[in-house]
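Structural characterization, general
Each chain is listed here by its residues.
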Amino acid sequence: MVSSARLALRVARVSASVGFHGASGFSSSQRIVHTMASSQRYIDIGANLLDGMYRGEYHGKEYHAGDLNRVLERSWGAGVDKILVTAGTLDEAKEALDLCRQDDRLYMTVGVHPTRGNEWASYSNGGPEAYMKELEAVIEQARGECKVVAIGECGLDYDRLQFCDAHVQKACFREHFKLSKKYDLPMFLHSRATGGDMGRILEEYHSMMPKGGVVHSFDGSYEEMQELVGMEGIYIGINGCSLKTEENLSVVAQIPMDKLMLETDAPWCGLRPSHASSAHVKTAIQAKDKKKHDIESQVKGRNEPCNICQVCEVVASVKGLSVEDVSAKAYTNTINLFFT
C-alpha cells in the first residue's frame, strides 16, 4: 500500500548508463552485467513509485534515506524510456501527478484499485459520485500535459476480499468505464481469481472502452489468457509475478506477440531464485539489505523498473525468441495503446 504523504522528491534527469557489480541469488551460469546500459528500449507499464519503500520506509519503519532519484537514474540507464506510475486512490492520483510533472518520461493512471473500493463507496465528501468527480478533476488538471494515459488501476481481486467485498468491487469497477469513454483513454486492469467475472464485465462494457486496455500482472490460466486476447484491444502485461511457476511460463509462451506488454509492478513482483523464471534470467544485479543501504545498489526484496530487462529475458527464452524481438514488439504495442 502507498503512503498518503505527498512526495517532495526532485527527479534527476540523466542519460549516462549506471553500473552494477556482482550478483547474488541466481545461478553461477548467468551472465553478470557490469553496466545496465541497454540497446533495447523499454516502457514499464506499471510501477508503484509512490510506495514508501522508495522513501526508505518498510512496514512503517525508516531504514534509509529516500532514493527514488537514483532508482530512476538506474531505469533510464537500463533502456527504460517511459514509466507509468500506477495510482489506486484519489490521494495517490494527486501524488502521482505531482511526481510525473517533474520528469517528462513519467506518466500515470487514474483510478481505484479493487482492494480500495471501500474508500470509494464510503467517501465522506459526497459519496461515490463525488469521488469519481474528483478523479475527473485530476484528469482535467493533467490534460494539457498529457500525463494521464490510462484509467486504473481498476478491476477485480477476489483473492483479497478481506479488504473489499466482491459487490463493491464490481460496482466500483463499472464506474471506470464511464471515465474511459469520456476521456478516450485505455484501461489499466487488475484481475485476480475472478471466477469469470472479469471477462463477463469486459464483454458487457466493451463499447465503453474505445481504446481497449491491458490486464496487468497477469498470472491466470491458459483459458483466461485466450479469453482476454480474443477481445479486441485487450493486451496482457507480464512481470515477475506472471513467471513464478512452470504453468505460468507455459501460458506466457503462448501469449500472442501482438498482445504482449512488459512491466515490473515495482517495488513488488521481482523475479526470485525460487521462481521457475530463474533458469531463464541472464542479467544479474547487485542488491544489499535495507539495513546496509548503498545508493549504488538495489535493495534486496525491493523491485525496480530497471529490472524489466529480466522480465524480457524470461519471456524471450520461453518463447524461443531474441530479447531484441520481444522488447521491440512490447515497446510498439505499448506505444500503440497508450501514446497514439
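Look up: the structure comes first, before these words.
None of these values were measured; they are calculated from a predicted model. (Residues numbered from 1 in each chain as written. Predicted model: local features only at pLDDT ≥ 70, side-chain atom pairs only at ≥ 80, totals over all residues. Heavy atoms only, no water.)

Nonpolar side chains in soluble globular proteins tend to end up buried together. Ranked by size, the top nonpolar core spans 81 residues in total, and within it L49, L106, M108, F173, L202 and I238 carry the most contacts. Y107, F188, Y235 and F338 belong to the second largest nonpolar core, which has 14 residues in total. (Core = buried A, V, L, I, M, F, W, Y, C linked by side-chain atoms within 4.5 Å. Buried < 20%, exposed > 50% of the residue type's maximum accessible area, 1.4 Å probe, protein only.)

The next thing to look at is the state of the cysteines. Evaluated as defined, the whole model comprises 1 disulfide. The partner cysteine of C241 in its disulfide is C269, sulfur to sulfur 2.3 Å. Measuring handedness by torsion sign, the sulfur bridge of C241 and C269 sits at about -95° and is left-handed. Taken together, the residues span a long stretch of sequence, with C241 in the loop between β9 (234-238) and α8 (246-253) and C269 in the loop between β10 (260-262) and β11 (287-288) at a distance of 28 residues. For the residue pair C241 and C269, the accessibility class agrees, reading buried in each case. (Disulfide = S-S within 2.5 Å. Helix = DSSP H or I, 4+ residues; strand = E, 2+ residues; numbered from the N terminus.)

Across all of its chains, the model carries 21 salt bridges by this definition. One salt bridge connects E134 with K94, and the closest N-O pair in it is separated by 3.9 Å. Taken as a pair, E134 in helix α4 (residues 127-142) and K94 in helix α2 (residues 90-100) lie far apart in primary sequence, 40 residues in all. For K94, a relative accessible area of 31% puts it in the partly exposed group. (Salt bridge = Lys/Arg side-chain N within 4 Å of Asp/Glu carboxyl O.)

Next up on the list: a negative patch on the surface. A cluster of acidic side chains, namely E203, E223, E224, E227 and E247, defines a negative patch on the protein surface. For the negative patch, the element with the highest residue contribution is helix α7 (residues 222-229), accounting for 3 residues. Relative to the assigned elements, E203 resides in helix α6 (residues 197-204). (Patch = residues over 30% accessible without salt bridge, like charges linked within 9 Å, V, L, I, M, F, W, Y side chains within 5 Å. Areas by Shrake-Rupley, 256 points an atom, 1.4 Å probe, with all protein chains shown as cover. Lys, Arg positive; Asp, Glu negative; His and termini not counted. Charge placed at Lys NZ, Arg CZ, Asp CG, Glu CD.)

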